[in-house]
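Examination of the molecular architecture
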Amino acid sequence: MQGRAKEVVNALTEKVIDLMKKHGSQWTKPFANQNFISVNGHEYSGMNFIWLSFQQHKRKVYGTYRQWLQHGCQVKKGSKSTKLLFYKTYKKEVEEVEKTFKLLRTFNVFNIEQVDGPVEKFDGFDKKPNLVNDIQAAETFVSNTGAVIKDGGKACYIPSKDYIMMPTKDTFADTEHSTATENYYCTMFHELIHWTGNEKRCNRKLSTTFGSSDYAFEELVAELGSCFLASHLNITSNPREDHAMYLNSWIKCLEENESAIWKASSLAKRGYMYCRDKQLQSEQQPKEVAA
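Everything numeric in this text was worked out from a predicted model, so none of it was measured. (Residues numbered from 1 in each chain as written. Predicted model: local features only at pLDDT ≥ 70, side-chain atom pairs only at ≥ 80, totals over all residues. Heavy atoms only, no water.)

Tracing the backbone shows Glu-199 in the loop between helix 5 (180-196) and helix 6 (213-232). For the pair Glu-199 and Pro-159, spaced 40 residues apart in sequence, the C-alpha to C-alpha distance is 9.4 Å. (Helix = DSSP H or I, 4+ residues; strand = E, 2+ residues; numbered from the N terminus.)

What follows is the structure, encoded as structure tokens:
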């Protein structure tokens with residue numbers, strides 16, 4: 001394996017190792033209800049599927065430059081391609097015996113968001129059933145907090161911009177321990193507790209340095225707070241088993257400081273109460289009266 005193919009494989013390996021470090025060997029991605037389709041109807045699989053899942057595009061339809069042209073579409077100027085992998089077979093005579101070899105090569109694809117033209121013909125190509133059932137009480141609760149939430153990309157809270165990023169609901173799947181609905185709302189609550197840590201709210205130390213004790217501690221606070229919110233809204237009555245698996249990644253934090261769980265619980269409760277207080281404030285707002 002050489003050149004560009006090796007670069008793609010190395011980049012993918014680094015991504016997977018990073019996820020393993022962050023989530024441990026028990027990690028299961030709750031938002032994985034997705035597929036990636038080429039404009040010719042081919043479903044990407046294997047390493048290409050994994051690599052595409054790391055991209056930030058909301059749509060899941062891809063094609064090469066030539067494939068888009070064949071469908072009357074033009075790649076936008078300045079668009080950056082994504083490199084995928086394929087095996088090219090060839091035959092070669094070795095010691096008078098013809099043998100077949102596989103050679104790993106790369107090819108460039110562009111997302112449907114990167115092209116102009118009649119893209120509406122691809123509507124529905126990349127859709128899978130939405131397994132998340134909307135829970136109105138939870139939707140209202142989150143809305144009343146005033147948190148800014150944007151769809152797309154991985155789940156995270158960005159302190160510098162003070163907003164939450166969430167994968168779209170149709171990307172969440174059922175897992176061994178939880179439904180897609182539980183996974184979606186508990187992920188949302190986790191990021192919502194991070195949001196309460198902003199200096200304008202509960203003013204916690206929000207470290208962005210993975211591996212630091214502050215980072216591990218804040219993750220513990222967010223996960224406990226997520227459990228509190230889920231229980232309050234009757235989405236889950238107890239911390240789920242996969243939550244416990246997730247927290248295994250932060251055992252070192254607990255081992256180094258025997259009071260960490262107590263402090264984290266107190267801070268998580270404070271974040272939880274901040275969100276609850278926002279519900280009371282919303283209820284106290286004057287209601288518009290029809291003339």
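This part takes up the nonpolar core. Note that soluble globular proteins tend to have their nonpolar side chains buried in a common cluster. Membership of the largest hydrophobic core comes to 34 residues, with the highest contact counts inside it found for Phe-189, Leu-192 and Leu-229. It is helix 5 that provides the largest number of residues to this core, a total of nine residues. Setting aside anything within four residues of it in sequence, one finds Leu-192 in contact with Val-142, Thr-145, Ala-147, Ile-164, Leu-229 and Cys-275. Among the nonpolar cores identified, the runner-up in size contains nine residues, and Cys-73, Val-75, Phe-110 and Phe-122 belong to it. (Core = buried A, V, L, I, M, F, W, Y, C linked by side-chain atoms within 4.5 Å. Buried < 20%, exposed > 50% of the residue type's maximum accessible area, 1.4 Å probe, protein only. Contact = heavy atoms within 4.5 Å.)

With that settled, consider the sheet that holds strand 2 (residues 61-63). Spatially, the four strands line up as an open sheet ordered 1-2-5-4, and their pairing is mixed. A strand with exactly one partner marks an edge of an open sheet, and here the two such strands are strand 1 (37-38) and strand 4 (82-94). Taken strand by strand, helix 2 (residues 46-53) contacts strand 2, strand 4 and strand 5 (97-111), and its axis lies near 160° from that of strand 4. (Pairing = 2+ DSSP bridges. Axes fitted to C-alpha atoms, helices over the stretch in contact; angles between N-to-C directions.)

Bringing the confidence of the model for the protein chain into the picture now. For the protein chain, per-residue confidence averages 81 on the pLDDT scale, and residues scoring 70 or more make up 79% of the total. Averaged pLDDT values over the elements of the protein chain bottom out at 53 in helix 7 (residues 241-247) and peak at 97 in strand 3 (residues 74-75). Counted against residues more than four places away or in other chains, residues 23-27, with its pLDDT under 50, gives seven contacts. (pLDDT = per-residue confidence, 0-100.)

Counted under the stated rule, the structure contains ten aromatic pairs. Taking the centre distance of 5.8 Å and the plane angle of 65° together, the rings of Phe-86 and Phe-107 count as edge-to-face. Of this pair, Phe-86 sits in strand 4 while Phe-107 sits in strand 5, placing them 21 residues apart in sequence. A residue is classified by how much of its surface remains accessible, and Phe-107, at 22% relative accessible area, is partly exposed. With centroids separated by 5.3 Å and ring planes inclined at 85°, the aromatic side chains of Phe-122 and Phe-125 adopt a geometry described as edge-to-face. On the basis of relative accessible area, Phe-122 is assigned to the buried category, the value being 1%. Ring-pair connections join several aromatic residues into one group, and the members of that group are Phe-172, Tyr-184, Tyr-185 and Phe-189. Across from the ring centre of Tyr-163, 4.1 Å away, lies the NZ or CZ of Lys-150, which sits over that ring. (Phe/Tyr/Trp six-rings, centres within 6.5 Å; stacked < 30°, edge-to-face > 60°. Lys NZ or Arg CZ within 6 Å of the ring centre and 35° of its normal.)

Moving on, we come to the pairing of strand 4. Two strands pair when backbone bridges link them, and strand 4 and strand 5 are joined in this way by 13 bridges, in the antiparallel orientation. The partner of Thr-82 across the bridge, within strand 5, is Val-109. Counting the residues that bridge the hairpin from strand 4 to strand 5 gives two residues, and of these Glu-95 lies at a positive phi of roughly 50°.

The strand order across the open sheet built from three strands is 7-9-8, with neighbouring strands paired in mixed fashion. Of all strands in the sheet, those bounded by a partner on one side alone are strand 7 (149-151) and strand 8 (156-158). Here the average twist between neighbouring strands, direction ignored, is 30°. Bridge count for strand 7 against strand 9 (residues 163-166) is three bridges, and the pairing is parallel. Bridged to Asp-151 within strand 9 is Met-166.

A separate point is helix 4 (residues 136-145). Every buried residue of helix 4 is accounted for by Ala-138, Phe-141, Val-142 and Thr-145. Viewed along the axis of helix 4, the buried residues span an arc of 95°, placing them on a single side of the element. Those residues of helix 4 that are exposed and aimed more than 90 degrees away from the buried face are Gln-136 and Ser-143. Directly beyond the C-terminal end of helix 4, a positive phi value near 85° is found at Gly-146. (Arc of directions from axis to C-beta.)

All right, on to helix 5 then. Look at helix 5: 24 Å from first C-alpha to last across 17 residues, which is about the 24 Å you get at 1.5 Å a residue. Most of helix 5 sits inside the fold, with 17 of its 17 residues counted as buried. (Expected span 1.5 Å × (residues − 1).)

In this section: the side chain of Lys-169. The residue Lys-169 is located in the loop between strand 9 and helix 5 in this model. Only 2.7 Å separates the side chain of Lys-169 from the side chain of Asp-134, close enough to count as a polar contact. Ignoring anything within four residues of it in the chain, the contact list for Lys-169 reads Asn-130, Val-132, Asp-134, Glu-139, Tyr-184 and Tyr-185. (Polar contact = N/O pair within 3.5 Å; in protein donor to acceptor, adjacent residues only side chain to side chain.)

The next subject is the pattern of salt bridges. In total, this model carries six salt bridges according to the counting rule given. Of the charged contacts in the structure, one is a salt bridge between Lys-169 and Glu-139, with a shortest N-O distance of 2.6 Å. Of this pair, Lys-169 sits in the loop between strand 9 and helix 5 while Glu-139 sits in helix 4, and the two are 30 residues apart along the sequence. Using a relative accessible area of 19% as the deciding quantity, one classes Lys-169 as buried. (Salt bridge = Lys/Arg side-chain N within 4 Å of Asp/Glu carboxyl O.)

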